[in-house]
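Topology and contacts: notes
In case you want the letters, here they are:
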Amino acid sequence: MTDATQSAAIAKPKAAGAQQKFLAFASLIVLLIFFSLASPNFLQTSNILAILQATSVNGVLAIAATLVIITGGIDLSVGTLMTFTAVIAGVVLTYMGLPLPLGILAAIGAGAGCGFISGSLVARMKIPPFIATLGMMLILKGLSLVISGTKPIYFNDTPSFPLISTGSLIGSVFPAMPVPNGVLILFVLALFIGWILSKTVLGRYCYALGSNEEAVRLSGVNTDAWKIAIYALAGGICGIAGLLIASRLNSAQPALGLGYELDAIAAVVIGGTSLAGGRGSVLGTIIGALIMGVLLNGLRIMSVAQEWQTVVTGLIIIAAVYADMLRRRKAAS
Amino acid sequence: MTDLVTMTAIDKHFPGVHALKRAQFDLRSGEVHALMGENGAGKSTMMKVLSGIYAPDGGTLRVNGAEVKITGPRAAQALGIGIIHQELALMPDLTVAQNIFIGREPRNAWGVLNEAKLNAAASALFAEMRVEMDPTAEVRGLTIARQQMVEIAKALSFQSRILIMDEPTAALNEAETNELFSIIRRLRGDGVGVVYISHKMDEIMRISDRVTVMRDGAYVGTVQSEGTPIETIISMMVGRALDQVHVEIPDLSAAEVALDVRGLTRGRMVRDVSFSLKKGEILGFAGLMGAGRTEVARAIFGADPRESGEIAVHGKPVQIASPRDAVNAGICYLSEDRKHFGLALGLDLRANVGMASLSRFSDSLGRVDDAALGRVAQDYIASLAIRTPSDRQEVRLLSGGNQQKVVIAKWLLRNCDVLIFDEPTRGIDVGAKAEIYRLLQSLAAQGKAIIVISSELPEVLRLSHRIAVMCEGRLTGFLPGGPQTTQEQIMRLATARDALNKGEAA
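Predicted model only: the values in this text are computed from it and were never measured.

Thresholds applied
- Residues numbered from 1 in each chain as written.
- Chains lettered and ligands numbered in written order.
- Predicted model: local features only at pLDDT ≥ 70, side-chain atom pairs only at ≥ 80, totals over all residues.
- Heavy atoms only, no water.
- Helix = DSSP H or I, 4+ residues; strand = E, 2+ residues; numbered from the N terminus.
- Rg over C-alpha atoms; globule rule 2.2 N^0.38 Å.
- Buried < 20%, exposed > 50% of the residue type's maximum accessible area, 1.4 Å probe, protein only.
- Areas by Shrake-Rupley, 256 points an atom, 1.4 Å probe, with all protein chains shown as cover.
- Lys, Arg positive; Asp, Glu negative; His and termini not counted.
- Charge placed at Lys NZ, Arg CZ, Asp CG, Glu CD.
- Contact = heavy atoms within 4.5 Å.
- Domains from an automatic or database assignment.
- Polar contact = N/O pair within 3.5 Å; in protein donor to acceptor, adjacent residues only side chain to side chain.
- Pairing = 2+ DSSP bridges.
- Phe/Tyr/Trp six-rings, centres within 6.5 Å; stacked < 30°, edge-to-face > 60°.
- Lys NZ or Arg CZ within 6 Å of the ring centre and 35° of its normal.
- Expected span 1.5 Å × (residues − 1).
- Patch = residues over 30% accessible without salt bridge, like charges linked within 9 Å, V, L, I, M, F, W, Y side chains within 5 Å.
- Salt bridge = Lys/Arg side-chain N within 4 Å of Asp/Glu carboxyl O.
- Axes fitted to C-alpha atoms, helices over the stretch in contact; angles between N-to-C directions.
- Core = buried A, V, L, I, M, F, W, Y, C linked by side-chain atoms within 4.5 Å.
- pLDDT = per-residue confidence, 0-100.
- Buried area = accessible area lost by both parts, 1.4 Å probe.
- Nonpolar A, V, L, I, M, F, W, Y, C, P; charged D, E, K, R; others polar.

1. Comments concerning the overall build of chain A
- Counting its regular elements, chain A contains 13 helices and 2 strands.
- At 20 Å, chain A has a C-alpha radius of gyration in line with the 20 Å of a compact globule built from 333 residues.
- Expressed as a percentage of its 333 residues, the buried residues of chain A come to 51%.
- Accessible area for chain A stands at about 14,500 Å²; split by element, carbon and sulfur atoms hold 73% of it.
- The average position of the 18 basic charges and that of the 10 acidic charges among the side chains of chain A differ by 6 Å.

2. Looking at the overall build of chain B
- Counting its regular elements, chain B contains 18 helices and 20 strands.
- Against the compact-globule benchmark of 23 Å for 506 residues, chain B has a radius of gyration of 25 Å, which places it among compact chains.
- In terms of its C-alpha atoms, chain B occupies a principal-axis envelope of roughly 70 × 55 × 55 Å.
- The buried share of chain B, reckoned over its 506 residues, is 56%.
- When contacts within chain B are restricted to residue pairs at least 6 apart in sequence, long-range pairs at least 24 apart make up 67% of them.
- Of the roughly 21,600 Å² of accessible surface on chain B, 50% is carried by carbon and sulfur atoms.
- Taking the average place of the 58 positive charges on the side chains of chain B and the average place of its 60 negative ones, the gap between the two points comes to 2 Å.

3. A few points about the domain arrangement of chain B
Residues and elements named next belong to chain B.
- In terms of domains, chain B is made up of domain 1 (3-238) and domain 2 (257-501).
- Here the C-alpha centre of domain 2 lies 33 Å away from the C-alpha centre of domain 1.
- On the domain 2 side, the residues contacting the 12 residues of domain 1 number 10 residues.
- Our enumeration of links across domain 1 and domain 2 arrives at 0 residue pairs in polar contact (both at pLDDT 80 or more).

4. Comments concerning the sheet that holds strand 5 (residues 66-67) of chain B
Residues and elements named next belong to chain B.
- A sheet is described by the order of its strands in space; here 4 strands give the open sequence 2-1-4-5, paired in antiparallel fashion. Since the sheet does not close on itself, it has two edges, and those belong to strand 2 (17-28) and strand 5, each with one partner.
- Two strands pair when backbone bridges link them, and strand 1 (residues 3-14) and strand 4 (residues 58-63) are joined in this way by 5 bridges, in the antiparallel orientation. Paired with M7 across the two strands is L61, which belongs to strand 4.

5. Some thoughts on the packing of aromatic side chains
- Enumeration over the complete set of coordinates arrives at 8 aromatic pairs over all chains.
- Their ring planes at 45° and their centres at 5.8 Å tell us that F301(B) and Y333(B) sit as a pair that is tilted. In this pair, F301(B) sits in helix 9 (residues 293-301) while Y333(B) sits in strand 16 (residues 331-334), placing the two residues 32 residues apart along the sequence.
- Residue F301(B) is classed as buried on the basis of its relative accessible area, which comes to 8%.
- What links up through ring pairs into an aromatic cluster is the set F34(A), F35(A) and F42(A).
- Between the NZ or CZ atom of R104(B) and the centre of the ring of F158(B), over which it lies, the distance is 3.7 Å.

6. Focus: helix 12 (residues 282-301) of chain A
Residue and element names in this part refer to chain A.
- Between the first and last C-alpha of helix 12 there are 28 Å, a value that for 20 residues agrees with the 28 Å anticipated at 1.5 Å per step.
- With respect to burial, helix 12 is a largely interior element, 16 of its 20 residues being buried.
- Residue S281 occupies the N-cap position of helix 12, its side-chain oxygen lying 3.0 Å from the main-chain nitrogen of G284.
- Trailing helix 12 by a residue or two, S303 shows a phi angle of about 60°, which is positive.

7. Describing helix 3 (residues 78-95) of chain A
Residues and elements named next belong to chain A.
- Under the 1.5 Å per step criterion, the end-to-end length of helix 3 is 24 Å for 18 residues, consistent within 8% with the ideal 26 Å.
- Burial analysis of helix 3 places 16 of its 18 residues in the buried class, which makes it a mostly covered element.
- Phi for G97, located one or two positions after helix 3, is positive at around 65°.

8. Focus on a nonpolar patch on the surface
Residues and elements named next belong to chain A.
- Taken together, the side chains of Y95, M96, L98, L102 and L105 make up a nonpolar region of the molecular surface, amounting to roughly 520 Å² of accessible area.
- Looking at where M96 falls in the secondary structure, it is placed in the loop between helix 3 and helix 4 (100-123).
- Under the relative-accessibility criterion, M96 is labelled exposed at 52%.

9. What to know about the pattern of salt bridges
- One pass over the structure, following the stated rule, counts 24 salt bridges over all chains.
- Note that K227(A) is salt-bridged to E213(A), the shortest N-O span being 3.1 Å. Placement of K227(A) in helix 10 (residues 223-249) and of E213(A) in helix 9 (residues 201-218) is noted, with a sequence separation of 14 residues between them.
- Between R392(B) and D348(B) there is a salt bridge whose closest N-O contact spans 3.0 Å. Linking R392(B) in the loop between helix 13 (370-383) and helix 14 (400-413) with D348(B) in the loop between helix 11 (338-342) and helix 12 (349-354), this pair joins segments that are 44 residues apart in sequence.
- Its relative accessible area of 44% is what places R392(B) among the partly exposed residues.
- On the basis of relative accessibility, which here comes to 14%, the residue D348(B) falls in the buried class.
- Connected through salt bridges with shared partners, the residues D348(B), R350(B), D370(B), D391(B) and R392(B) form a single ionic network.

10. Here we look at the sheet that holds strand 3 (residues 32-36) of chain B
All names here are of chain B.
- One open sheet accounts for 6 strands, arranged 6-7-8-3-9-10; its pairing is mixed. The outermost strands of the open sheet, each flanked by one partner alone, are strand 6 (81-84) and strand 10 (218-224). On average, each strand axis in the sheet is tilted by 20° relative to the strand beside it, whichever way the strands run.
- Relative to strand 8 (residues 193-197), strand 7 (residues 162-166) runs parallel, the two sharing 5 bridges. Note that in strand 8 the partner of M165 across the bridge is Y196.
- With respect to the sheet, helix 1 (residues 43-50) is in contact with strand 3, strand 6, strand 7, strand 8 and strand 9 (210-215), its orientation differing from that of strand 8 by roughly 150°.
- Sheet strands touched by helix 5 (residues 144-156): strand 6 and strand 7. Its angle to strand 6, the strand with the most contacts, is close to 170°.

11. Quick word on the pairing of strand 10 of chain B
Residues and elements named next belong to chain B.
- The pairing of strand 9 with strand 10 spans 6 bridges and is classified as antiparallel. When the bridges of strand 10 are listed, R215 appears paired with A218.
- The loop that links strand 9 with its antiparallel partner strand 10 comprises 2 residues; one of these, D216, has a positive phi angle of about 50°.

12. Considerations on the nonpolar core
- One finds I63(A), F161(A), I193(A), L197(A), I237(A) and I102(B) to be the most contacted residues of the largest nonpolar core, which totals 97 residues.
- The element contributing the most residues to this core is helix 2 (residues 45-70) of chain A, with 14 residues.
- Grouped together as the second largest cluster of nonpolar side chains are 71 residues, L277(B), I300(B), I311(B) and A372(B) included.

13. Structural notes on the confidence of the model for chain B
Residue and element names in this part refer to chain B.
- When the pLDDT values of chain B are averaged, the result is 87; 96% of them are 70 or greater.
- Averaged pLDDT values over the elements of chain B bottom out at 51 in helix 18 (residues 497-501) and peak at 95 in strand 18 (residues 449-453).
- Across residues 499-506, confidence stays below pLDDT 50; counting only partners more than four residues off in sequence or on other chains, it has 9 contacts.

14. Structural notes on the interface of chain B and chain A
- Opposite the 32 residues of chain B that make contact, chain A presents 25 residues.
- Buried area between chain B and chain A, both sides added, is near 2,400 Å², and the carbon and sulfur share of it is 57%.
- A salt bridge links R279(A) to D93(B), with the shortest nitrogen-to-oxygen separation between them at 2.9 Å.
- Linking chain B with chain A are 10 residue pairs in polar contact (both at pLDDT 80 or more), by the criterion used here.
- Listed by contribution, the elements that provide at least two residues to the side of chain B that touches chain A are helix 2 (73-78) and helix 4 (115-129) of chain B.
- Per-element tally for the side of chain B that touches chain A: the top contributor is helix 2 of chain B, with 3 residues.
- Partitioning the side of chain B that touches chain A into residue classes produces 15 nonpolar, 6 polar and 11 charged.

Below, the structure written as structure tokens:
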């Protein structure tokens, strides 16, 4: 088993994957060092917590996007689905006055339901994921506005609602570490989905579908059902993101959401997940989301205008993917 | 010997095609039964019926004596039928063990995987096959031959007693083929019935016990491999006898040198390669897979940067840094992978023929003279005998041989006179092969200089005026073409590795 040639043969691809994550991680460290030298305020605990808090919504959405992208698909509806689930939570909690747990269930359930529909469009009706989720994106944006009457829904009747994101469970036990619950939820979710991807059948089929769907189908696996399950899981995670953002704003803002899907996909790509499917990891995605969060925060602290922050984000995405291409080309030759 | 499979009067229609016409096939335990026929004869369709991928429109199917309906891949697996597809159906991002047990992963009630059990089961399979394999290796990193072992292990993991192999050696070299054959023989010894689909006559003769031939979706006949001459089988396949042709070697002593390559070097695959090629000459490049033949072609063509070496065309030194430079110098390269590198499959024949010469057919505003292009395309359809309804036919709908002719037309129109063919007949059936051979010979007779890279020794011998043999990036020798050169002589040079390593003369 430990024959030298054999271990060399397996070490190669595994090392390549690790290298990819290392590259992203190293970029994150470089950014952290750069900004802490550029601004003394950057490394303060309050600022670090602000970065993490700001990253939590994009991070959760990016985890959802990662699942779908690993299958070789794409989900453009994560942003407006987040808004839609926030509105649903608003309807259940504020309009109907039902208790908080029901609101949480409704948001996650609505997300999973929409994901189920997207997945069915892709798997059963064979609509390309780009088109199916583009349609869902617009449908959900419209529905959010219709249901809410184009006005924000506030959660003033549910005083505990903002605590979902801004409260600090960790802080109540360790007062020295006031980590907001939103951040805690992001990391717990990341660990959980990371575990799903590496240890469960669902995760195995995520990679297998992205790697060679036809081969999986010919192996007698019900590929359609698994694909729908993956989209539904991603949708449910968007429901969590919807709760996080609504809780942070103490309101469901129906006009929000468009553009979030691109930030999420950007984080996935920077984290080294291949848009072609078959490879990727939640850890990479979290690093990617953190890179984006650190970048935006750092540039703001350095008083760079917001429009230029957007330009820099675009450059970072291109640079990240180009670095990955270079590495691959080197590995291939 | 018991009958494992009996297929009788199998009918299958696709829109516009009667793919199987009351075809029949049977398989006994402990035999290797070759299924032969030209492309489109219905071999793969027949085996897809057997493996549950297609449902037949009519006919009966018996497995182990009992009549069955196979409703899908899973039902076929349950009956002990395993298929190894021509295009390997593996997931490159997953490990060996994960591939083998896809869909049947050891798991608990919550869907949590038991990876240790998975790897142990895969190890046990390979131990049974007597093949060294690390179950945790990622499939992407394996050679095609090793990937095939994974496919076989996967088929065997279903306790398959019936194993279908579709062109298993298409991408294997000699040594890998031998290893595959020894595994097949072991399986046969254990009572497994193997259906073996291949175009390679010599392999069929080596490995099979019986041969069934199909033509145009119908059953032609079954013969014992032993004692049946190859010519008989070929004539069963094509419906006529092919005459044994030997290459006629023209006198090229007075011919001008068209291409001269000196000291070409790139990495480990191309080491100090020097040769020259005359007008009207067909130079065959033989060697095992991975000997560096394709790499030599790509370095000449400028597709890969070279480290050193000089190239002269018609006596004049040329600087080739990119395929564009090469084409301008009159060198073209016809890749073995026509579909990826040679053709725009979704475009019509006319557009493909004009692809490399559009500037000649357009005015200063960039408007393309489509009518003129159409006339040229018609000319090539006639002169190269391309079988197509019109020059507006999408090339993806043409057969492999006709697609190859479209690529040739494209380069002829570009005025290329040094043509490098990489595996020109891969995926092309026997009848069309002979036609491609004739075409290459007539191109040579018109003064084109031609290099043919081929892994099939009979093809090299059939075509080449002169044969260059490579081993591990070096040219190990030249042999004259024609009947006096044997496959053994070529193989000796192609495996001259030891001599090279010791620094002795090959």
